[in-house]
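Structural description and commentary
Take a look at the letters that make up each chain.
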Amino acid sequence: MNFEFQNPTRIIFGAGNLSRLGEVAGEYGKKALIVTGGGSVKRSGVFDRAVESLKAAGISFAECSGIEPNPRITSVARGAQTARKEGCDMIVALGGGSVMDASKVISAAALYDGDPWDMILHGQEKVYVPTEALPVITVPTLAATGSETNCGAVITNEETTVKSFIQIPLLYPKVAVVDPELTVSVPKDQTAYGVCDLITHVTESYLNGIDNTPIQDRLAEGVILTAMEWGPKAIADGDDVEARAQIQWAASVALIGWCQVGTNAAYPVHMMEHTVSAYHDITHAAGLSVINPAWMRFAAKTNTAKFVQFAERVFGLSAKSADDLDCALEGIDRFEAFLRSIGCPTRFSELGIDDALFETYAQDTVKIVNDGNGNLPGIPPMSIEDMVEVFRSAL
């Protein structure tokens, strides 16, 4: 291993901590742009409680609502314009992963005169790398993406049907106010999708990373096992705050950087899913729950020993040898069965997607990320034909 690691986000974790939002925000400015999604934070009363805390600390606010589940670049531009017009000096992201992703890009776009799409990697010759951004405070209302404590954001351009990302240290949130009580109103299906999402974050690095990262492996396995233990409890009883807390922390840990550091991993499942959801606007984790097991079966033929380890440590199976493909595939079958058991789709047909655009998805994916030889990075690298094969196996 050879790496550098830093995560500067301050985490304030625990039930009831939404009341500390104003105290925290007062360290960064006097007027916040509150970014929200489709309205659930207002229906649940979370928005009013957040505003109350801000006002008690003498902080005024403007609002950018209506961020989509797959956040659009037009919404980012709208938010940036509002921040400039209203003289906001910080961003409060009050919502799920899409709201937090959009908020990070808004924070940089508010101080940039050009097109915010310039910042998003989409195959352009020159990517604009911002050098300044407004401070961001994240307040997650869903346990899923881990966006509250990382420096990445995924944005969709609805005009070009491209969904891609930016990931730079500048976009680390200053503070994450993580209050598991805010997730008790999340519906069963979205709770399940969150469990799938957080598990996929760690399977990507776990199964695509370099060898000899035993600590990272154990961290990843711990996140997966925790999600599989507490996720069904949170789905069964949405008011179980303890279960909500364990899943919320698992989601943060899954992408805070600990599991990934030193692995140098690619994220082929995410790259393929981004393309699919750019075309169909499906829930991100619904796409992941279909593609990830299909990709696993493809990759297990090459990276058999790591999938055997996954099967043994996560599902308690016993392999005949390190290259026991049958054991590896049984572990994948059990993982897919778990996803089904919590209500996640595992076939494209369940999402109303047929095979008409499979080759287009593959071609578009390598336009965003490739290894210089036309392949999608991962273990193993995937050709256009390989990706189409994985898509077809998930039909």
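Structural notes, computed from the coordinates.

Quick look at a nonpolar patch on the surface now. Together, M1, F3, F5, I11, F13, I210, I215, L219, W249 and W258 make up a nonpolar patch on the protein surface, roughly 900 Å² of accessible area in all. Of all elements in the fold, only β1 (10–13) and α7 (214–236) reach the threshold of two or more residues within the nonpolar patch.

Below, the discussion takes up the sheet that holds strand β8 (residues 175–178). Taken together, the six strands give an open sheet; going across it, the order is β1-β8-β5-β4-β2-β3, and neighbouring strands pair in parallel fashion. Of all strands in the sheet, those bounded by a partner on one side alone are β1 and β3 (60–64). Sheet twist, expressed as the mean angle between neighbouring strand axes with direction ignored, is 20°. As paired elements, strand β2 (residues 31–35) and strand β4 (residues 90–95) share four bridges and run parallel to each other. Bridge pairing in β4 links I34 to V92. In this fold helix α3 (residues 46–56) packs onto β2, β3 and β4, with an angle of close to 150° to the strand it touches most, β3. Contacts from helix α4 (residues 73–86) reach β2 and β3 within the one sheet, and its direction differs from that of β3 by about 155°.

For the rest of this paragraph, the subject is the pairing of strand β6 (residues 152–157). Where burial is concerned, most of β6 is hidden: six out of the six residues are buried. What you see with β6 is no split at all: G152, V154 and T156 on one side and A153, I155 and N157 on the other are buried throughout. Counting the residues in the hairpin turn of β6 and strand β7 (residues 162–167) gives four residues, including T161, whose phi is positive at 55°.

Calculation notes
- Residues numbered from 1 in each chain as written.
- Predicted model: local features only at pLDDT ≥ 70, side-chain atom pairs only at ≥ 80, totals over all residues.
- Heavy atoms only, no water.
- Patch = residues over 30% accessible without salt bridge, like charges linked within 9 Å, V, L, I, M, F, W, Y side chains within 5 Å.
- Areas by Shrake-Rupley, 256 points an atom, 1.4 Å probe, with all protein chains shown as cover.
- Salt bridge = Lys/Arg side-chain N within 4 Å of Asp/Glu carboxyl O.
- Helix = DSSP H or I, 4+ residues; strand = E, 2+ residues; numbered from the N terminus.
- Pairing = 2+ DSSP bridges.
- Axes fitted to C-alpha atoms, helices over the stretch in contact; angles between N-to-C directions.
- Contact = heavy atoms within 4.5 Å.
- Buried < 20%, exposed > 50% of the residue type's maximum accessible area, 1.4 Å probe, protein only.

From the geometry alone we can't say anything about function, so treat these as descriptive.
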